[in-house]
Amino acid sequence: MPQSEYEMLLMEKNRHKMQFDTEICKDATFEDISIKKVKWYLKEREKERNVSQKIKISVKRLLINLKCLQDNKPTNAEILFFGKNPQRFMANARLRVIKFKGNDIINPTLDSATCEGTIPEMIELSEDFIRKNIRLLSTRREESFRREDKFEYPIKAVREAVINALIHRNYFETGDVRVFIFDNRIEIINPGSFPKGGTPKRPKHKPVNEILCQLVYDIGLIEKYGSGIRMMKLLSKEWGNKEPYYDLDPIESKIIFESQ
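Here's what I pulled together on the structure shown here. (Residues numbered from 1 in each chain as written. Predicted model: local features only at pLDDT ≥ 70, side-chain atom pairs only at ≥ 80, totals over all residues. Heavy atoms only, no water.)

Per the secondary structure count, the protein includes eight helices and 10 strands. Counting only residues that meet the buried cut, the protein has 46% of its 260 residues in that class. In the protein, of all internal contacts separated by at least 6 residues, the share reaching a separation of at least 24 is 64%. Carbon and sulfur atoms make up 51% of the accessible area of the protein, which totals about 15,100 Å². (Helix = DSSP H or I, 4+ residues; strand = E, 2+ residues; numbered from the N terminus. Buried < 20%, exposed > 50% of the residue type's maximum accessible area, 1.4 Å probe, protein only. Contact = heavy atoms within 4.5 Å. Areas by Shrake-Rupley, 256 points an atom, 1.4 Å probe, with all protein chains shown as cover.)

Here you go:
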């Protein structure tokens, strides 16, 4: 039993060092898992990682091997990746996307959506919203009279930032992931600070949620551990945009993509 307020604070601090995705999801049971989503994962993993989707073990044993099931109880990672309704257990595990008029958060909202479901589902929903709410630029190619259309941002780089926000965020915090689209920039904000010991200029592979990272890697949504920041910078440069940059504080991390 803690003897002082200091000890209570210390216990809480140590708790936050635990990995959220490995903890058992309170009140969830195996009935809250979608077998259809597990089969989809196996299909995607086979396509991306050449691991046969035909398994000779039970789904429960598979999930145990994936470190998603402990003592026959789903972990937070399992609910976030295979759950029928993850937000039933984690109200903050959602992604809000908002398109503002102009370049300030106090300006009117032109469009908004709340993306819910599993992490792959939220990624897909947010990408659809972003594509709908950014400009399609049209330019003439020098070598011909043909026009070339492309989005004002490299979609692959923005999607990488959204994925990073969802899998590296601090789920112990009550806030949700947000994507703000302005006329001149996109801001992607997630609860939690940048990994200790790393910086945007010198990123280090230190995942906050290792199991979520592995599952996302398995289905090809990320390619190499620790390469996301470099990849986003390279894609932006090749696209003709400035490199994305970060605005960091202890509560949340923000990455900003400027428009062309």
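Structure's up, so let's keep going.
General note: in soluble globular proteins, nonpolar side chains tend to be found buried as a group. Counting residues in hydrophobic clusters, the biggest one holds 60 residues, and the most contacted among them are Phe 82, Ile 119, Ile 186, Ile 188 and Phe 257. For this core, the leading source of residues is helix 6 (residues 155–168), giving nine residues. The residues contacting Phe 257, other than those within four sequence positions of it, are Tyr 153, Ala 157, Val 158, Ala 161, Asn 184, Arg 185, Ile 186, Ile 188, Met 232, Ser 236 and Pro 244. Among the nonpolar cores identified, the runner-up in size contains five residues, and Ile 98, Phe 180, Phe 182 and Ile 189 belong to it. (Core = buried A, V, L, I, M, F, W, Y, C linked by side-chain atoms within 4.5 Å.)

The tally for this structure, following the rule as stated, stands at eight aromatic pairs. Summarising the aromatic geometry, the rings of Phe 20 and Phe 172 are spaced 5.6 Å apart at their centres and angled 90 degrees between planes, so their arrangement reads as edge-to-face. Taken as a pair, Phe 20 in the loop between helix 1 (5–16) and helix 2 (35–49) and Phe 172 in the loop between helix 6 and strand 7 (177–181) lie far apart in primary sequence, 152 residues in all. Considered together, Phe 20 and Phe 172 belong to a single accessibility category, that of buried residues. Its end group placed over the ring of Tyr 217, Arg 49 keeps NZ or CZ at 3.9 Å from the ring centre. The positively charged end of Lys 60 is found above the aromatic ring belonging to Phe 30, 4.9 Å away from the centroid. (Phe/Tyr/Trp six-rings, centres within 6.5 Å; stacked < 30°, edge-to-face > 60°. Lys NZ or Arg CZ within 6 Å of the ring centre and 35° of its normal.)

In this model, Asp 71 sits at a positive phi of 55 degrees, which is unusual for a non-glycine residue. Residue placement: Asp 71 occurs in the loop between strand 1 (69–70) and strand 2 (73–74). Judged by its relative accessible area of 69%, Asp 71 falls in the exposed class. In this model, Asn 72 sits at a positive phi of 65 degrees, which is unusual for a non-glycine residue. Turning to its location among the elements, Asn 72 is positioned in the loop between strand 1 and strand 2. Overall, the relative accessible area of 47% leaves Asn 72 in the partly exposed class.

Next up on the list: the pairing of strand 3 (residues 95–100). Counting buried residues along strand 3, five of its six residues qualify, which places the element largely inside the surrounding structure. Two strands pair when backbone bridges link them, and strand 3 and strand 4 (residues 109–115) are joined in this way by six bridges, in the antiparallel orientation. From the neighbouring strand, Ile 98 faces strand 4, where its bridge partner is Ser 112. Two elements, strand 3 and strand 7, share five bridges in a ladder whose sense is parallel. Across the sheet, Ile 98 pairs through a bridge with Phe 180, a residue of strand 7. (Pairing = 2+ DSSP bridges.)

Our focus in this paragraph is the environment of Asp 176. Relative to the assigned elements, Asp 176 resides in the loop between helix 6 and strand 7. In sequence terms Asp 176 and Arg 96 are 80 residues apart; their C-alpha atoms lie 7.3 Å from each other. The residues touching Asp 176, leaving out its near neighbours within four places in the chain, are Asn 92, Arg 94, Arg 96, Arg 169, Ile 189 and Pro 191. Of note is the side chain of Asp 176, whose polar atom sits 2.5 Å from the side chain of Arg 96. (Polar contact = N/O pair within 3.5 Å; in protein donor to acceptor, adjacent residues only side chain to side chain.)

Moving on to the packing of helix 6 against helix 7 (residues 210–218). Viewed as axis vectors pointing N to C, helix 6 and helix 7 meet at an angle of 145 degrees, and their least axial separation amounts to 9 Å. Between helix 6 and helix 7, the contacting residues are Ile 163, Ile 167 and His 168 on the first element and Leu 212, Cys 213 and Val 216 on the second. (Axes fitted to C-alpha atoms, helices over the stretch in contact; angles between N-to-C directions.)

For the rest of this paragraph, the subject is the sheet that holds strand 10 (residues 252–258). Taken together, the six strands give an open sheet; going across it, the order is 4-3-7-8-10-9, and neighbouring strands pair in mixed fashion. Looking at which strands have only one partner, the edges of the open sheet turn out to be strand 4 and strand 9 (245–248). The sheet shows a mean angle of 15 degrees between the axes of neighbouring strands, taken without regard to direction. Strand direction decides the pairing type here: strand 9 and strand 10, joined by four bridges, are antiparallel. Residue pairing across strands places Tyr 245 opposite Ile 256, the latter belonging to strand 10. Against the sheet, helix 6 engages strand 3, strand 7, strand 8 (185–191) and strand 10, with an angle of about 15 degrees to strand 8.

Here helix 6 contains 14 residues, and its C-alpha end-to-end distance of 20 Å stays within 8% of the 20 Å for a straight helix at 1.5 Å per residue. The buried fraction of helix 6 amounts to 11 of the 14 residues, a majority that puts the element mostly inside the structure. (Expected span 1.5 Å × (residues − 1).)

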